[in-house]
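# Summary of the model geometry
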Amino acid sequence: DSCRAARKAMPEAEFVDVRDSGIGHSFLEAALDAFGDALVNRKSTTWRGLDETERARAPLDLLQAHPTLMKRPLFVDGERMVLGWTKAAQAELGV
């Protein structure tokens, strides 16, 4: 999985488990500003378990209620954010 590959490629990075830590409101706002709806993982098990009413919620509310809906990995380096583990993301991260 992409998070495991990222850990292996970037052992110096601090990894945060959103299940344990949650996601702060201001962080989510910044990430949504950067990535929009792409931040919501609509292919996840969590998404598939939601009813239509939950799925219709605003992305910020949805991600606060269900932090595991956030696409991962999400790398943060100061003001810079990189989402995912695609070849483009790896190149941007220099790995």
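Reading the values: the criteria
- Residues numbered from 1 in each chain as written.
- Predicted model: local features only at pLDDT ≥ 70, side-chain atom pairs only at ≥ 80, totals over all residues.
- Heavy atoms only, no water.
- Pairing = 2+ DSSP bridges.
- Helix = DSSP H or I, 4+ residues; strand = E, 2+ residues; numbered from the N terminus.
- pLDDT = per-residue confidence, 0-100.
- Core = buried A, V, L, I, M, F, W, Y, C linked by side-chain atoms within 4.5 Å.
- Buried < 20%, exposed > 50% of the residue type's maximum accessible area, 1.4 Å probe, protein only.
- Contact = heavy atoms within 4.5 Å.

## Section: the pairing of strand β1 (residues 74-77)
When β1 meets strand β2 (residues 80-83), the two strands line up antiparallel, connected through four bridges. Following the sheet pairing, D77 is matched in β2 by R80. Between β1 and β2, which pair antiparallel one after the other, the connecting turn spans two residues, and G78 there sits at a positive phi close to 65°.

## A word on unusual backbone geometry
Peptide bonds are mostly trans, and most non-glycine residues show a negative phi. Note the cis peptide between R72 and P73, where omega equals 0°. Mapped onto the elements, P73 comes out in the loop between α6 (59-65) and β1.

## What to know about the confidence of the model for the chain
Averaged over the chain, the pLDDT score is 91; the fraction of residues at 70 or greater is 100%. Predicted confidence in the chain is weakest over helix α1 (residues 2-9), with a mean pLDDT of 83, and strongest over helix α5 (residues 52-55), with 97.

## Observations concerning the nonpolar core
Of all hydrophobic cores here, the largest spans 17 residues; its most connected members are L39, L63, M70 and L74. Not counting residues within four places of it along the chain, the set of residues in contact with L63 comprises L28, L32, L39, V40, L69 and M70. Judged by nonpolar contacts, the second largest core, of seven residues, contains F75, W85, A89 and L93.

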